[in-house]
Amino acid sequence: MKIETYELTDKEATLAQCSDINFDYFYEETGYDNCDGDGTFLGFTLREALETTDFSKHQIAGLISSLEAKKIIWIEYRDRSEGPDIYYLTKNFINAIARKNIAEGKGRYCFG
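Residues numbered from 1 in each chain as written. Predicted model: local features only at pLDDT ≥ 70, side-chain atom pairs only at ≥ 80, totals over all residues. Heavy atoms only, no water.

1. Digging into the overall build of the protein
Looking only at helices and strands, one finds four helices and five strands in the protein. The order of helices and strands in the protein, counted from the N terminus, is β-β-α-β-α-α-β-β-α. Whereas a compact globule of 112 residues would reach a radius of gyration of roughly 13 Å, the protein reaches 13 Å, a difference of no more than 12%. Here the C-alpha coordinates of the protein stretch approximately 40 × 30 × 20 Å along the principal axes. A sequence separation of at least 24 residues applies to 61% of the contacts in the protein between residues at least 6 apart. Surface exposure of the protein reaches about 6,400 Å², of which carbon and sulfur atoms provide 47%. (Helix = DSSP H or I, 4+ residues; strand = E, 2+ residues; numbered from the N terminus. Rg over C-alpha atoms; globule rule 2.2 N^0.38 Å. Contact = heavy atoms within 4.5 Å. Areas by Shrake-Rupley, 256 points an atom, 1.4 Å probe, with all protein chains shown as cover.)

This is the structure in structure tokens:
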């Protein structure tokens, strides 16, 4: 999958859309304001990735490293007392998806 300067393998695209994330939800270039800023639609945890994909923990770790290197996600490292680390799509990547959706005449509101 190629979106502007971002190129994702099928596995990377699957992980980047795990949990409640759906690229169709990004319909305007407002970054984290898409989906009313609800982080549920903008990021995922390791547990969510394991529950919503067929990837092993080791596969997910490799894919996360790749997505981070490509600047598709950034990681919010958290203390164990705060809960698990969260892997968020980057604002620039969200906006690139939105531009693609706008150009293709698709995209929809999360809560519609």
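2. Brief notes about the nonpolar core
One finds Leu15, Phe26, Leu89 and Phe93 to be the most contacted residues of the largest nonpolar core, which totals 34 residues. Of all the secondary structure elements, the ones that give two or more residues to this core are α1 (10-16), α3 (57-69), β4 (73-76), β5 (86-89) and α4 (91-104). Considering each element in turn, this core owes the most residues, five residues, to α4. For leucine 15, the residues in contact, after removing those within four places along its chain, are Phe44, Ala49, Phe55, Ile60, Leu63, Ile64 and Leu67. (Core = buried A, V, L, I, M, F, W, Y, C linked by side-chain atoms within 4.5 Å. Buried < 20%, exposed > 50% of the residue type's maximum accessible area, 1.4 Å probe, protein only.)

3. Considering the pattern of salt bridges
One pass over the full model with this rule turns up seven salt bridges. Glutamate 104 is paired through a salt bridge with lysine 100; the nearest N and O atoms lie 3.2 Å apart. Residue glutamate 104 and its partner lysine 100 are both found in helix α4; the two are separated by four residues, about one turn of the helix. Owing to a relative accessible area of 44%, glutamate 104 belongs among the partly exposed residues under this scheme. The closest approach of N and O atoms between lysine 106 and glutamate 104, which form a salt bridge, is 3.4 Å. Among the charged side chains, a network of salt bridges with common partners joins Glu4, Glu29 and Arg99. (Salt bridge = Lys/Arg side-chain N within 4 Å of Asp/Glu carboxyl O.)

4. Details of α3
Here α3 contains 13 residues, and its C-alpha end-to-end distance of 18 Å stays within 8% of the 18 Å for a straight helix at 1.5 Å per residue. For α3, the full list of buried residues reads Ile60, Leu63, Ile64 and Leu67. Along α3, the residues classed as buried sweep out an arc of 105 degrees about the axis, all on the same side. α3 presents His58 and Ala69 as exposed residues on the side facing more than 90 degrees away from its buried surface. Looking at the buried residues of α3, the elements they touch are α1, β3 (43-44), α2 (46-52), β4 and β5. With its phi angle positive at about 60 degrees, lysine 71 sits one or two positions after the end of α3. (Expected span 1.5 Å × (residues − 1). Arc of directions from axis to C-beta.)

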